[in-house]
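Fold and contact review
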Amino acid sequence: MATLDVTLQEQATPTAQTGRNVNDFSIQVATVNGSGSQSANTVLLRSIFQMGVPVSGKNLFPSNIAGLPTWYTIRASKHGYIARKKEIDFLVAMNAETAQEDVMSLVPGAACVYDEPLNLKQLRQDVTFYPVPYDKLVGPVCPEAKLRRLVKNMIYVGVVDYLLGIELAESEKAVARQFATKKKAADLNMAAVRAGYDYAKATFTKHDSFFIERMNENAGKIIIDGNAAAALGCMFAGVTVVTWYPITPSTSLVESLIDYLKEYRIGSDGKATFAVVQAEDELAAIGMVMGAGWAGARAMTSTSGPGISLMGEFVGLGYYAEIPGVIFDIQRVGPSTGLPTRTMQGDILSCAFLSHGDTKHILLLPNSVTECYTMAMEAFELAEQFQTPVFVLSDLDLGMNSWMAQPFEYPEQPVGRGKVLGADELQRLGGFARYKDVDGDGIPYRTLPGTAHPAAAYFTRGSGHNEKGQYSERPDDYVRNVDRLARKFDTARKFVPAPVKEISHSSEIGVIAYGTSHWAMTEAHDQLEKEYGIKVDYLRLRAYPFNQDVHDFVKNHNRIYVVEQNRDGQMRELLKLDLPPEQIAKLRRVLHYNGLPIDARSVTNEIVSQEGK
Amino acid sequence: MSATPAAPKTNVIGLSVLDYRGGKTTLCAGCGHNAISERIIDAAYEMGVRPENLVKMSGIGCSSKSPAYFVNRAHGFNAVHGRMPSVATGVALANHKLMVLGVSGDGDTASIGIGQFIHLMRRNLPIIYIIEDNGVYGLTKGQFSATADLGAKLKTGVINDLPPIDTCALAIELGATFVARSFSGDKRQLLTLLKAAISHRGTVMIDVISPCVTFNDHEGSTKSYKYVKDHDEPVQELGFVPHFENIEVDYDPGTTATVTMHDGSHLRLRKLERDYDATDRINAMKILAESHAKGEVLTGVLYVNTQAPNFFDVLNLTGQPLGQLPESVVRPPKKALEDAMAELM
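An account of the accompanying structure is given in this report. Residue positions within a chain follow its written sequence, with the count starting from 1. All chains are assigned letters beginning at A, and all ligands numbers beginning at 1, according to the order in which they are written. Only residues with pLDDT of at least 70 get local features here, since the model is predicted, and only at 80 or more are side-chain atom pairs given and counted; chain-wide, interface and lining totals rely on the full set of residues. Excluded from the side-chain calculation are hydrogens and water; included are all heavy atoms of the structure.

Things to note about the pairing of strand β10 (residues 241–244) of chain A
Residues and elements named next belong to chain A. Accessibility here uses a 1.4 Å probe with only protein chains present; expressed as a share of the type maximum, an area under 20% marks a residue as buried, one over 50% as exposed, and anything in between as partly exposed. Where helices and strands are cited, they refer to DSSP runs of H or I of at least four residues and of E of at least two residues respectively, numbered from the N terminus. Side-chain alternation along β10 places Val 241 and Thr 243 on one buried face and Val 242 and Trp 244 on a second face that is also buried. Between any two strands, at least two bridges found by DSSP are needed for them to pair. Where β10 lies against strand β11 (residues 275–278), four bridges are found, and the strand directions are parallel. In the strand pairing of β11, Val 241 is matched with Ala 275. When the strands point away from the viewer, a crossover counts as right-handed if the route from the first strand across the helix to the second turns clockwise. Since β10 and β11 lie parallel, the crossover through helix α8 (residues 251–264) that links them has a hand, and here it is right-handed. The pairing of β10 with strand β12 (residues 299–303) spans four bridges and is classified as parallel. Paired with Val 242 across the two strands is Met 300, which belongs to β12.

What follows is the structure, given as structure tokens:
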């Protein structure tokens, strides 16, 4: 074995494919990264989307610029299941290095389109093979030799179109969209799609069972990745200061945001109503957020696990000195550098308690691109309302993959700035004490620097302070202050996004999941009911701290499966800290942590096993 | 006939010097930092800085405590160790109309904070960054910092065996546009530098040698009052005429260079023995390196450039502070969302 092992294939549960399979299967394209396959895969995904068939696309890629294996899986599901499907039904094998293993992992009855010289045919008797001589086909379509490597990929789109029955016109539309500003490239790529289609039509007799047939499930829907969705949310939240340090898989959030801000937030005078700063590291990125939030801006940064680790000290300052700020954590596999291009829900505990001393932070847990958008806005509201750093915990699967959604809705709530005293109010009150709990909710009043009143100023510090913000090491001042902070956190329970009872059967079995585990969970629910007769109730968490609904849900069930994508059952541990002792024993773990997005079958099998069925 | 009591002396915006006072210092008696706080008060008063428009930023250490000892009517922020530059940057981005004054120390800047210091200098963010430089860590009882000179001796007899970081040379190389060195014991020079700093819209970096009376003021120290007094070599004699004073004086252009600051004030640089051109960046770095080898402490304006674009220019910021923009400006209209959605269909 080489020093580098980037193979992907898991042990799949073989289920023989028989009969005609319409709109309910998965396609995997195995290529080499940097080969330009992303455009071809997007065209394929959009073609199916435009056929009205529910679809999802997941890019499983290496941490590398070019030359290592990469896989793109597309799942078409007439039932609307958009979680990853472990079993691959239809393979497009373009990568010599992984082709054999890719073929061997297919389920019986699968189909495989492959680059003819790879000579894969003899590997399996129970798979239908379609060899395509890409090098011969690409020449006539693409006279420019140096572009052939890229254009080659579009040929498989045409082949797959023909074999699956995807209308060529839909791919044509998708190509035109993909290369909207480059007419020449669009023509070239479309010619390649057609060449593939014509070759397949002239050469192949269809022997596999997979078909895409037109449905009408996608009318009016959009396709977007979670990072772009979050970026939109940030822009409509009115973000003004954005700081960041590039890190996979969070980079595209800020890059999308830059694009949106340039398009929609340059004033009529040509001036920017925002500042985006690429900082020297994550320490500086969060430091700038703290400074900007303190001085009244809606400020945010976006990062992933290693950045979160670096931000610890500042986030503790934000908690203790009570400074608003929004931190997106697009989680990837840790610890340490981990698997930088794979997904995990691995930062739950580290974000909940980030920094030394007693600290607790508000976490928002989006499960969809729609919630990436809405929770971005909620995060800014909560950060200013509670004067504290707020985390939005997305993950690589949600952030970087393509998801369908209804178009996002325009925010109805006005932008809230929290308890900020202006010069007039200070004049009326005759002054203020920065850390005094005036309203009994634990949330004090603050002033912004620059407020034109002699009593506006106070001194912000990470060291011990009394209600007036003065330096204090007095035991009673310290206790009063941190107890108020705990009270403030309790107040937040009622204001953070409430959990959603996704499925209720009045079962004695409860399931708790959050974030992207949701999609596998809803599908697993159906599998459990249909295949095993097991009914489960399902509560989806959307935030920490937990509210009373979470306590009630646990109380009202005999056993609770907590489904999540990490090794240690981090959310279960967090629940244990919140629940009374007699409830804790009910909590069980369903875990998935190999870096690939969680799939329904893994959840179903684990619950069935623990149920003793 | 009784005399009317004299009205308290006020500055150009009608405030008295008492309006700029701070809390009682908790630093050691004789600490150079206290003198610097006094000069900051004087400069802010003389320049008519509105106290509420000033923000005082600091990191951690003795130096970083000092913002509590001047201008109580200004917001202050005592951040984390070595990372005041990023917080100050955030503050400036949220409200570019504030006057951001950062006070740091040699440990806070040149050791734990060197990364953020370097990147702050690169951006030419409008800020006044003061290093209260004594070559030792005070709060942890007297370890060397990264600005301590090679061969300098601690009270305990420990000899510093690593070369110092010259924060001024670094700042000049990286892009700061007003770089100076001074001595907490030189009232006049420091006050003039601070007034000029207030007039500058770019990164001002002033390294003020500020002896630590408790841990680094002995024989063998190169940051003691005596050593600095003996080795202080001003590169020019400074004069400053604020923009609100109409004083016309003729200077000999052969001996005095005049720099027009961003607010219209004038900084006069009168030649001393050496012919020092504070606008020549490369030469400034060369002379600093040479003087270091000779054991001289060069003070005065080491580099000034009023032409370079600052960070706000680079970011093309709108006129109103970002943190004060109304919802109608920061939340694009419904049509914008609809357009964005249409592109994704």
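Back to the text.
What to know about the pairing of strand β5 (residues 90–93) of chain A
Residues and elements named next belong to chain A. Burial of the side chains of β5 extends over both faces: Phe 90 and Val 92 are buried on one face and Leu 91 and Ala 93 on the other. Where strand β2 (residues 24–32) and β5 come together, four bridges link them in parallel fashion. The partner of Ile 27 across the bridge, within β5, is Phe 90. Relative to strand β6 (residues 111–115), β5 is paired through four bridges, and the arrangement is parallel. Across the sheet, the residue bridging to Ala 93 is Tyr 114, located in β6.

With respect to empty space enclosed by the protein
All names here are of chain B. A cavity here means a set of 1 Å grid points, computed over protein atoms only, where a 1.4 Å probe fits but cannot escape. A pocket is an open set with protein on both sides within 12 Å along at least 5 of 7 lines, and lining residues have an atom within 4 Å of a point. Grid points are joined across faces, edges and corners, and a volume is the space filled by probe spheres set on the points. As enumerated under the stated definition, the model contains ten cavities of 30 Å³ or more in all. Ile 40, Ala 43, Ala 44, Val 49, Leu 54, Met 99, Leu 101, Ile 128, Leu 194 and Ile 198 together form the lining of the second largest cavity. Considering every element that reaches the lining of the second largest cavity, the biggest residue donor is helix α1 (residues 32–47), with three residues. Gly counts as polar in this scheme, as do all residues outside two lists: the nonpolar Ala, Val, Leu, Ile, Met, Phe, Trp, Tyr, Cys and Pro, and the charged Asp, Glu, Lys and Arg. Residues of the lining of the second largest cavity, tallied by class, amount to ten nonpolar, no polar and no charged.

A closer look at the interface of chain A and chain B
A common way to express how large an interface is: the accessible area buried when the components associate. Residues count as neighbours in contact if any of their non-hydrogen atoms are within 4.5 Å of one another. Facing 72 residues of chain A, the contacting portion of chain B comprises 53 residues. Once two parts are joined, some of their accessible surface, as seen by a 1.4 Å probe, is lost; buried area is that loss totalled over both. Carbon and sulfur atoms supply 65% of the area that chain A and chain B bury against each other, a total of about 4,900 Å² over both sides. When a carboxyl oxygen of Asp or Glu lies within 4 Å of a side-chain nitrogen of Lys or Arg, that pair is called a salt bridge. Counting the contacts that link chain A with chain B gives one salt bridge. The salt bridge partner of Glu 280 of chain A is Arg 123 of chain B, with a shortest N-O separation of 2.7 Å. Whenever two N or O atoms come within 3.5 Å, that pair is a polar contact, provided that in protein one can donate a hydrogen and the other can accept it, and provided that, for residues adjacent in sequence, both atoms are side-chain atoms. Viewed at the interface, chain B and chain A are joined by 20 residue pairs in polar contact (both at pLDDT 80 or more). Per element, the largest residue contribution to the side of chain A that touches chain B is eight residues, and it comes from helix α9 (residues 282–294) of chain A. When grouped by side-chain class, the residues that make up the side of chain A that touches chain B number 44 nonpolar, 16 polar and twelve charged. Bridge count for strand β18 (residues 459–461) of chain A against strand β2 (residues 75–78) of chain B is three bridges, and the pairing is parallel. Across the sheet, the residue bridging to Thr 460 of chain A is Phe 77 of chain B, located in β2 of chain B.

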